[in-house]
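Structural overview for review
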Amino acid sequence: MVNRRFNLLVCLTAFFLSSCATPFTGGVAISRPDSHVHVYEAKEDVVLRATAHIIREKGLGQNVTINRADRVVLSDFVESDGWRTKTVASVKQINWKECELSLSVITEKQQKAGWEMRRLVEKDQYDKIFSAIDTRIYEEMSRLH
């Protein structure tokens, strides 16, 4: 009797867990890229350089360029296994000691009809990128002094 209840419990648990599980399909299709914002205590130029370095280091794009006039960091797509990723970042000075970084990691999946934009980078991953940029800002500022 106990063995039968245990088997029933195991079967029900397996059923509920499998019904909740969703296979990885490569993120959610989106029409516009997500953009996340973070504020740093640094000048625009330092944030631009740090952001470009992290984009290169993390492989979030290739041919990373800084457009100082528009205060933007741009990259070209890097392609791998039917996916391509590029990053766009813009910096805006808020006051004499702070600036705001707006970051978009654009990921697209190859489909029969062309490229489809997908959300692969979630908020926690953006937070890790912002943290890496923060560390790089301190390295950039230490080189200036």
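One can find the structure itself at the top, above this paragraph.
Description of the structure in this document. (Residues numbered from 1 in each chain as written. Predicted model: local features only at pLDDT ≥ 70, side-chain atom pairs only at ≥ 80, totals over all residues. Heavy atoms only, no water.)

1. Digging into empty space enclosed by the protein
Cut-off, in case you're wondering: Cavities and pockets were defined on a 1 Å grid built from protein atoms only: a cavity is a group of points that admits a 1.4 Å probe but offers it no way out, a pocket is an open group of points flanked by protein on both sides within 12 Å along at least five of seven lines, and a lining residue is one with an atom within 4 Å of any such point. Grid points are joined across faces, edges and corners, and a volume is the space filled by probe spheres set on the points. In DSSP terms, a helix is any run of H or I states spanning at least four residues, a strand is any run of E spanning at least two, and both are numbered starting from the N terminus.
For the structure on display, the rule yields one cavity of 30 Å³ or more. Each pocket or cavity is described by its volume, and for the largest cavity that value is around 60 Å³. In this structure, the largest cavity is lined by Ile30, Pro33, Asp34, Val105, Ile106, Thr107, Met117, Arg118, Arg119, Leu120, Val121 and Tyr126. Listed by contribution, the elements that provide at least two residues to the lining of the largest cavity are β7 (99-111) and β8 (114-119).

2. Focus: the side chain of Arg136
Note the following rule: The rule is simple: take the accessible area with a 1.4 Å probe, protein chains only, and divide by the maximum for that residue type; under 20% is buried, over 50% is exposed, in between is partly exposed. Polar contacts, as counted here, are pairs of nitrogen or oxygen atoms within 3.5 Å of one another; within protein the pair requires one atom able to donate a hydrogen and one able to accept it, and residues that are adjacent in sequence qualify only if both atoms are side-chain atoms. Between two residues, a contact is recorded if the distance between any of their heavy atoms is within 4.5 Å.
Of note, Arg136 is situated in helix α3 (residues 123-144). Judged by its relative accessible area of 13%, Arg136 falls in the buried class. Reaching out from Arg136, the side chain makes a polar contact with the side chain of His53 at a distance of 3.4 Å. In this structure Arg136 touches Ala50, His53, Ile54 and Arg143, once residues within four positions along its chain are discounted.

3. Examining the packing of helix α2 (residues 44-58) against α3
Two quantities define a packed helix pair, namely the angle between the helix axes and the distance between the axes. Here is the rule: Every axis corresponds to a line fitted to the C-alpha atoms, with the helix fit spanning only the stretch in contact, and the corresponding angles, defined between N-to-C directions, vary from 0 to 180 degrees. Any angle from 65 to 115 degrees is called roughly perpendicular, while one under 35 is roughly parallel, one over 145 is roughly antiparallel, and all others are oblique. For a crossing to be left-handed, the near helix must be turned anticlockwise from the far one by less than a right angle; the clockwise case is right-handed.
The interhelical angle for the contact between α2 and α3, taken along N-to-C directions, is 125°, at an axis separation of 8 Å. What the angle tells us is that α2 and α3 run oblique. The chirality of how α2 crosses α3 is right-handed. Note on element contacts: α3 touches α2 through Ile129, Ala132, Ile133, Arg136, Ile137, Glu140, Met141 and Leu144, opposite Val46, Val47, Arg49, Ala50, Thr51, His53, Ile54 and Lys58.

4. What to know about the pairing of strand β3 (residues 62-67)
A regular strand places its side chains on the two faces of the sheet in alternate fashion. Spelled out, the test is: Two strands qualify as a pair provided that DSSP identifies no fewer than 2 bridges between them.
In this structure, β3 lies alongside strand β4 (residues 72-76), joined through four bridges in antiparallel fashion. When the sheet's bridge partners are listed, Gln62 is paired in β4 with Asp76. As consecutive antiparallel partners, β3 and β4 are separated by four residues, and within that stretch Arg71 has a phi angle of approximately 55°, a positive value.

5. Observations regarding the environment of Val28
Within the secondary structure, Val28 is located in strand β1 (residues 28-29). Given a relative accessible area of 48%, Val28 falls into the partly exposed group. A C-alpha to C-alpha distance of 5.3 Å links Val28 and Arg118, two positions 90 residues apart in sequence. Excluding its chain neighbours within four sequence positions, the residues that come into contact with Val28 are Met117, Arg118 and Arg119.

6. Side note on α2
Owing to its 3.6 residues per turn, the α-helix brings residues three or four apart onto one side. So the rule is basically this: A helix is expected to reach a length of 1.5 Å times the quantity of its residues less one.
Its 15 residues give α2 an end-to-end C-alpha distance of 21 Å, which sits within 8% of 21 Å, the value for a rise of 1.5 Å per residue. Buried within α2 we find Glu44, Val46, Val47, Leu48, Ala50, Thr51, Ala52, Ile54 and Ile55. Elements in contact with the buried residues of α2: β2 (36-40), β3, β4, β6 (83-93), β7 and α3. Gly59 sits one or two positions beyond α2 and adopts a positive phi of about 70°.

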